[in-house]
Amino acid sequence: MQDPPSSSPVPARWRGPLVLACLMLALQAGGEPVYEALRYERPAVLGGQLWRLLTAHLVHLGWMHCLLNLGGLALCAAFAKDRAGARAWAGAFVALALGVSALLLVASPRVADYAGLSGVLYGLFVWVLAPQAWRGDLVARVALAVVVVRIGWQLWSEPTEAQRALIGGEVLVQAHLYGAACAVLLVLAQALRGRSSA
């Protein structure tokens, strides 16, 4: 899904991440009331506050948590050769955010609350890198392997106190796994749709 050509000085592949980054920064500036209203909170979601399934991925535990995810988003955008267009990024974000939240709700009932882009971010890396890796891009293959190994390592080893202190809370590794899994399904669905339209 490509946006129409534009004379914007911002390259197409940076527009979606830039909008997402601005939204994250604006919400972070809103402080604790915004965080409390938008984070994933299992009882609140089950009580009907369904917006939290989407908004939880835009709010963070603190400024350091937010900035770390913004750095990851910038790195992801730098890899995004053919994932141009704000609409494509918006669609991927919504699909991955809802997918991660749904899996938290169904597969991780002990998780009472969650906030941050990291689950979606792992998914975005897979969404960006997998098609390039499939076409034989060596850099994409190496980067995708790093993402997969990192998730495996996180699942095998407990987060350290330093990691918890850095982001200001628990590292929820399940969200990273769910984001990557949802991205695989998204990439397959987009590939099948592209093949049927061709």
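Scroll up to find the structure this text is about.
Residues numbered from 1 in each chain as written. Predicted model: local features only at pLDDT ≥ 70, side-chain atom pairs only at ≥ 80, totals over all residues. Heavy atoms only, no water.

1. Considering helix H1 (residues 12–29)
- Between its terminal C-alpha atoms H1 stretches 27 Å, which fits the 26 Å expected from 18 residues at 1.5 Å a residue.
- By the burial criterion, the buried members of H1 are Arg15, Gly16, Pro17, Leu20, Ala21, Met24, Leu27 and Gln28.
- Those residues of H1 that are buried lie in contact with helix H2 (31–38), helix H5 (63–79) and helix H6 (86–107).
- Phi for Gly31, located one or two positions after H1, is positive at around 75°. (Helix = DSSP H or I, 4+ residues; strand = E, 2+ residues; numbered from the N terminus. Expected span 1.5 Å × (residues − 1). Buried < 20%, exposed > 50% of the residue type's maximum accessible area, 1.4 Å probe, protein only. Contact = heavy atoms within 4.5 Å.)

2. Structural notes on the pattern of salt bridges
- The tally for this structure, following the rule as stated, stands at seven salt bridges.
- Across the salt bridge formed by Arg39 and Glu41, the nearest N and O atoms sit 3.2 Å from each other.
- Since its relative accessible area comes to 14%, Arg39 is described here as buried.
- A salt bridge links Asp113 to Arg39; its shortest N-O distance comes to 3.9 Å. With Asp113 in strand E2 (residues 113–114) and Arg39 in the loop between H2 and strand E1 (40–41), this pair connects stretches of sequence that are 74 residues apart.
- Bridged by salt links that share partners, the residues Glu36, Arg39, Glu41, Arg52 and Asp113 form one connected network. (Salt bridge = Lys/Arg side-chain N within 4 Å of Asp/Glu carboxyl O.)

3. Looking at the environment of Pro17
- With respect to the secondary-structure elements, Pro17 resides in helix H1.
- Separated by 130 residues in sequence, Pro17 and Val147 have C-alpha atoms that sit 19 Å apart.
- Excluding anything up to four places from it in sequence, Pro17 contacts Leu73, Ala77 and Trp89.

4. Describing the nonpolar core
- Counting residues in each nonpolar core, the largest one holds 42 residues, and the members touching the most others are Leu73, Trp89, Leu117, Leu124, Trp127 and Leu129.
- In terms of residue count, the dominant contributor to this core is helix H7 (residues 118–134) (11 residues).
- Ranked by size, the runner-up nonpolar core spans 11 residues in total, among them Tyr40, Val45, Val111 and Tyr114. (Core = buried A, V, L, I, M, F, W, Y, C linked by side-chain atoms within 4.5 Å.)

5. Here we look at a nonpolar patch on the surface
- A cluster of nonpolar side chains, namely Leu25, Trp63 and Leu67, defines an oily patch on the protein surface of about 280 Å² accessible area.
- Looking at the element boundaries, Leu25 is found in helix H1.
- You can call Leu25 partly exposed: its relative accessible area is 33%. (Patch = residues over 30% accessible without salt bridge, like charges linked within 9 Å, V, L, I, M, F, W, Y side chains within 5 Å. Areas by Shrake-Rupley, 256 points an atom, 1.4 Å probe, with all protein chains shown as cover.)

6. Side note on helix H10 (residues 173–197)
- Between its first and last C-alpha, H10 extends 36 Å over 25 residues, near the 36 Å set by a 1.5 Å rise per residue.
- For H10, the complete set of buried residues consists of Val173, Ala175, His176, Tyr178, Gly179, Ala180, Cys182, Ala183, Leu186 and Val187.
- Looking at the buried side of H10, the elements it contacts are H6, E2, H7 and helix H8 (138–156).

7. Some words on the packing of H1 against H6
- Between H1 and H6, the shortest axis-to-axis distance is 7 Å and the interhelical angle comes to 50°. Between H1 and H6, the angle is such that the two are oblique. In this structure, H1 crosses over H6, and the sense of that crossing is right-handed. Only Ala86, Trp89 and Phe93 of H6 make contact with H1, whose side of the interface consists of Arg13, Arg15, Gly16, Pro17 and Leu20.
- Residue classes in the contact of H1 with H6 are distributed as five nonpolar, one polar and two charged. (Axes fitted to C-alpha atoms, helices over the stretch in contact; angles between N-to-C directions. Parallel < 35°, antiparallel > 145°, perpendicular 65-115°, else oblique. Left-handed = near helix turned anticlockwise from the far one by under 90°. Nonpolar A, V, L, I, M, F, W, Y, C, P; charged D, E, K, R; others polar.)

8. What to know about the packing of H8 against H10
- Direction vectors running N to C along H8 and H10 enclose 150°, while the axes themselves pass 9 Å from each other. By the angle between their directions, the pair H8 and H10 is classed as roughly antiparallel. H8 and H10 meet at a crossing whose hand is left-handed. In contact with Ile151, Gln154 and Leu155 of H8, H10 contributes Val173, His176, Leu177 and Ala180.
- For the contact of H8 with H10, the class distribution of residues is five nonpolar, two polar and no charged.

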